[in-house]
Amino acid sequence: MIPLQALRDDPDHFRRGAELKHEAAPVDEILELDVRARRLRNEVESAQAERRRASSAIRGAPTDEQRTQLAELKTRMQSGEAELGELEGRIQSLLLYVPNPPHESAPIGPDDSGNVPIRTWGEPPHFDFEPRPHFELGDRLGIFDFERAAKISGTRFAILRGEGARLQRALIAWMLDVATREHGYTEILPPYLVRRECMVGTAQLPKFEDDAYRTDDDLFLVPTAEVPVTNLYREEILDGADLPICHVAYTACWRREAGAAGKDTRGYIRLHQFDKVEMVRFTHPETSLDELELLTHQAESLLQRLGIHCRVLAMCTGDMGFAQWKKYDVEAWAPGMQRWLEVSSCSVFGDFQARRANIRYRPAAGERPRFVHTLNGSGLAVPRVLDAVLETYQREDGSVDVPEPLRYYMGGVDRLVPPGA
């Protein structure tokens, strides 16, 4: 959340930040309400002071005139306090709609056309045949079942069968092991349902409520493990000596994809339910931009170890997102579809999420607490990585080689073959 004082001090900074992100931020309305609230607060405080003076002036039993005066002052105070409470509540609600202004190093651009390639790893695989997209390979291998998934749950759901389900499980286990054994993360297995305030804390709400799945008792299915893991420390003061705190979590994720009608309707790409491994970091403000570089390298290294052609993009202001301060996307090349697939978004939020969730740290004993900086990045989004694996390692006969890092997790299986082959 944007601090109100910062908005008062430099409203043009937040107007410009919203403009760069194509957001309609209610900056002017907040400032108008704030002027009214401060004026009303002065009136309430004046009435309180006047009532104290009137009370102290009474000697003995109050007269009828004095009682009337005190009652009128009390009514003014109560009315003013009630109105002030409403104004301040409205201001706090509107502040939730002010986006995080992008960091000065983020490229300025209108949409995804303004994203800037930073680096590329590997080369696109070359085939002596026409490579197939993953959904055709999956049909041959018998590992996808979209029709029965639709019968059970509707469109944009998928069932994985046999070695396909095993391959997805292998990817998840391998990603978690790399994060915990090599990159220093502590694994978390969080709940899949979270309270509304947790969604607000990570800025999924109120802006993206239409994309979320909500239960009748106002719990939300997690759109990403970022939500429960970031909120582990909501309303807490951490020891600065413990930073950075680094967690990794696997969860299923649920999104309505309300704003993505007609996109990627075929194949194992854009689903209402999907698996993801998420990395979350809580850091000192002074190091958070360096931590973003580290986080991004950790995400892309997974694709490199799988032997998948990949690239990193610096996201421009118009394609960055509501809460991000700075953001990189990591994309995997899918040779069968001849396109890049986003498999990780690595973001630093500054103290934007920490203010909403009230996550602070104490730099040293006796020092005043400060807000942490939060970061997260997919490590990785599993369905699209599985797609890239299938398309990268396919053979002309429809079989698919298993990348070497996953073979241990596949029980030594080194190739997926069509039934009857």
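Here the structure is shown first, and the text comes after it.
How each quantity is defined
- Residues numbered from 1 in each chain as written.
- Predicted model: local features only at pLDDT ≥ 70, side-chain atom pairs only at ≥ 80, totals over all residues.
- Heavy atoms only, no water.
- Helix = DSSP H or I, 4+ residues; strand = E, 2+ residues; numbered from the N terminus.
- Contact = heavy atoms within 4.5 Å.
- Lys, Arg positive; Asp, Glu negative; His and termini not counted.
- Charge placed at Lys NZ, Arg CZ, Asp CG, Glu CD.
- Salt bridge = Lys/Arg side-chain N within 4 Å of Asp/Glu carboxyl O.
- Buried < 20%, exposed > 50% of the residue type's maximum accessible area, 1.4 Å probe, protein only.
- Pairing = 2+ DSSP bridges.
- 1 Å grid on protein atoms, 1.4 Å probe; cavity = no way out; pocket = protein on both sides within 12 Å on 5 of 7 lines; lining within 4 Å.
- Points joined across faces, edges and corners; volume = space filled by probe spheres on them.
- Nonpolar A, V, L, I, M, F, W, Y, C, P; charged D, E, K, R; others polar.
- Axes fitted to C-alpha atoms, helices over the stretch in contact; angles between N-to-C directions.
- Disulfide = S-S within 2.5 Å.
- Polar contact = N/O pair within 3.5 Å; in protein donor to acceptor, adjacent residues only side chain to side chain.
- Phe/Tyr/Trp six-rings, centres within 6.5 Å; stacked < 30°, edge-to-face > 60°.

Concerning the overall build of the protein
Scanning the protein from terminus to terminus reveals 13 helices and 15 strands. Seen through its principal axes, the protein has C-alpha atoms that stretch 105 × 45 × 40 Å. Considering only residue pairs separated by 6 or more positions, the protein has 74% of its internal contacts joining residues 24 or more positions apart. Once the 53 positive and 67 negative side-chain charges of the protein are each reduced to a mean point, those two points are 3 Å apart.

A look at the pattern of salt bridges
For the structure on display, the rule yields 26 salt bridges. In this structure, the salt-bridge partner of glutamate 23 is lysine 207, at a minimum N-O distance of 3.0 Å. A residue pair is termed long-range when its members are at least 10 positions apart, and glutamate 23 in the loop between α2 (11-20) and α3 (27-56) and lysine 207 in the loop between α8 (196-201) and β4 (219-221) qualify at 184 residues. The shortest N-O distance in the salt bridge between glutamate 182 and arginine 305 comes to 2.7 Å. You can see glutamate 182 sitting in the loop between α7 (162-181) and β2 (186-188) and its partner arginine 305 sitting in helix α10 (residues 288-305), a full 123 residues away along the chain. Relative accessible area serves as the criterion here: at 37%, arginine 305 is assigned to the partly exposed category. Several salt bridges share partner residues, and in doing so they unite Arg196, Glu209, Arg214 and Asp218 into one network.

Comments concerning the sheet that holds strand β5 (residues 236-239)
Here three strands make up an open sheet; going across it, the order is β5-β11-β12 and the pairing mixed. If you trace the sheet from one side to the other, it starts and ends with β5 and β12 (370-371), each paired once. Bridge count for strand β11 (residues 359-362) against β12 is two bridges, and the pairing is antiparallel. For arginine 360, the partnering residue across the bridge sits in β12 and is phenylalanine 371.

A few points about the layout of surface pockets
Empty pockets left among the atoms are what a rolling probe the size of a water molecule brings to light. If you add up the space inside the second largest pocket, you get close to 290 Å³. Considering the residues around the second largest pocket, the lining is formed by 14 residues, among which Ala158, Ile159, Leu160, Tyr268 and Gln273 are closest to the centre. Of all the secondary-structure elements, those providing two or more residues to the lining of the second largest pocket are α6 (146-153), α7 and β7 (273-283). Classifying every residue of the lining of the second largest pocket gives 10 nonpolar, three polar and one charged.

Focus: the sheet that holds strand β13 (residues 373-381)
Sheets are built from strands that pair by backbone hydrogen bonding, the pairs being arranged parallel or antiparallel. Taken in spatial order, the eight strands make up an open sheet running β1-β8-β9-β10-β13-β7-β6-β2, and their pairing is mixed. The open sheet terminates on both sides in strands that have one partner only, identified here as β1 (116-121) and β2. Pairwise comparison of adjacent strand axes, ignoring direction, gives a mean angle of 25° for this sheet. Where helix α12 (residues 382-392) meets the sheet, its contacts fall on β7, β9 (326-334), β10 (339-348) and β13, and the angle it forms with β13 comes to roughly 40°.

Concerning the state of the cysteines
Following the criterion strictly, the structure yields zero disulfides and no others. Lacking any disulfide linkage, cysteine 198 is separated from the closest cysteine sulfur, that of cysteine 253, by 15 Å. Sulfur of cysteine 246: no disulfide; nearest cysteine sulfur belongs to cysteine 346 and is 13 Å away.

A look at unusual backbone geometry
With an omega dihedral of 0°, the bond running from leucine 243 to proline 244 counts as a cis peptide bond. Residue glycine 379 is joined to leucine 380 through a cis peptide bond whose omega torsion reads 15°. By secondary structure assignment, the location of leucine 380 is in strand β13. In this model, arginine 156 sits at a positive phi of 65°, which is unusual for a non-glycine residue. By the element assignment, arginine 156 lies in the loop between α6 and α7. A positive phi angle, near 55°, is found at glutamine 338, a position not held by glycine.

Concerning the pairing of β9
Most of β9 sits out of view: nine of its nine residues are buried. The alternating pattern of β9 places Lys326, Tyr328, Val330, Ala332 and Ala334 on one face and Lys327, Asp329, Glu331 and Trp333 on the opposite face, and all of these are buried. Alignment of strand β8 (residues 310-314) against β9, held across five bridges, turns out to be antiparallel. Looking at β9, one finds that cysteine 310 is bridged to alanine 332. Relative to β10, β9 runs antiparallel, the two being bridged by nine bridges. Of the residues in β10, the one forming a bridge with glutamate 331 is glutamate 342. Connecting β9 to the next strand, β10, in antiparallel fashion are four residues, including glutamine 338 with a positive phi near 55°.

A closer look at the environment of tyrosine 233
With respect to the secondary-structure elements, tyrosine 233 resides in the loop between α9 (226-230) and β5. The spacing of tyrosine 233 and phenylalanine 144 is 89 residues in sequence and 39 Å in space, taken between C-alpha atoms. At 2.8 Å, the side chain of tyrosine 233 forms a polar contact with the side chain of histidine 247.

Observations regarding the packing of aromatic side chains
A complete count under the given rule lists eight aromatic pairs for this structure. With centroids separated by 5.3 Å and ring planes inclined at 40°, the aromatic side chains of phenylalanine 144 and phenylalanine 146 adopt a geometry described as tilted. Overall, phenylalanine 146 belongs to the partly exposed group, its relative accessible area being 25%. Of the aromatic side chains, those joined through ring pairs into one cluster are Phe144, Phe146 and Tyr268.

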